[in-house]
Amino acid sequence: MQLIIVAKTQKKEYNSMSRLEKEIERLKSKPKDYTYEEAKSLLNKLGYIENNKGKTSGSRVRFVNKDNVKIDLHKPHPKNILKGYQIESILKILIERGEF
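Described below are features of the structure shown in this document. Keep in mind the model is a prediction, meaning the values are calculated, not measured. (Residues numbered from 1 in each chain as written. Predicted model: local features only at pLDDT ≥ 70, side-chain atom pairs only at ≥ 80, totals over all residues. Heavy atoms only, no water.)

**Details of the environment of Asn-68**
Moving on, step 1. Relative to the helices and strands, Asn-68 is located in the loop between strand S2 (60–64) and strand S3 (70–74).
Moving on, step 2. Separated by 20 residues in sequence, Asn-68 and Tyr-48 place their C-alpha atoms 9.1 Å apart. (Helix = DSSP H or I, 4+ residues; strand = E, 2+ residues; numbered from the N terminus.)

See the structure below:
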C-alpha cells in the first residue's frame, strides 16, 4: 500500500509542471510541428508583444519585450508550421536573454 501512495505522489509532482514550463520544454525539443500560434502564446507569456512591421509588412511579424528585445518572424503560410531555422532563432534569443 505504501508503494501506491509513493507512485501517486510522484505522478502528482510530475503533473504540477506549469503550462509555461510545458510550452518551454516543447520549444526546446525542436518539434517538426511547432506552430506559429504556439510560438506566439509562449512569447506573450514571456512578455513579448506581437507587432507587425507596418502596413506593407506582409507576413513579417516582430515580437518586442519591455527591454526592446526583438524577435522577427515570418508567419508561415499556407500551413501554420514554423521552419527549423525559426525555432532555432527563437531559442537562441531566449537562451541568450536568460528567459529560461
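**So, the pairing of S2**
Moving on, step 1. Here strand S1 (residues 49–52) runs beside S2; their pairing, made up of 4 bridges, is antiparallel. Counted as the bridge partner of Ile-49 is Val-64 from S2.
Moving on, step 2. Across 5 bridges, the pairing between S2 and S3 is antiparallel. Counterpart to Arg-60 in the pairing with S3 is His-74.
Moving on, step 3. Connecting the antiparallel pair S2 and S3 is a turn made up of 5 residues, with Asn-68 showing a positive phi of about 65 degrees. (Pairing = 2+ DSSP bridges.)

**Quick notes on the sheet that holds S1**
Moving on, step 1. Pairing is antiparallel in the open sheet, where 3 strands are placed in the order S1-S2-S3. With partners counted over all chains shown, the strands left at the sheet margins are S1 and S3, one partner each. This sheet shows a mean twist of 30 degrees between the axes of neighbouring strands, independent of strand direction.
Moving on, step 2. The sheet contacts of helix H3 (residues 36–45) involve S1, S2 and S3, and relative to S2 the element is tilted by about 20 degrees. (Axes fitted to C-alpha atoms, helices over the stretch in contact; angles between N-to-C directions. Contact = heavy atoms within 4.5 Å.)

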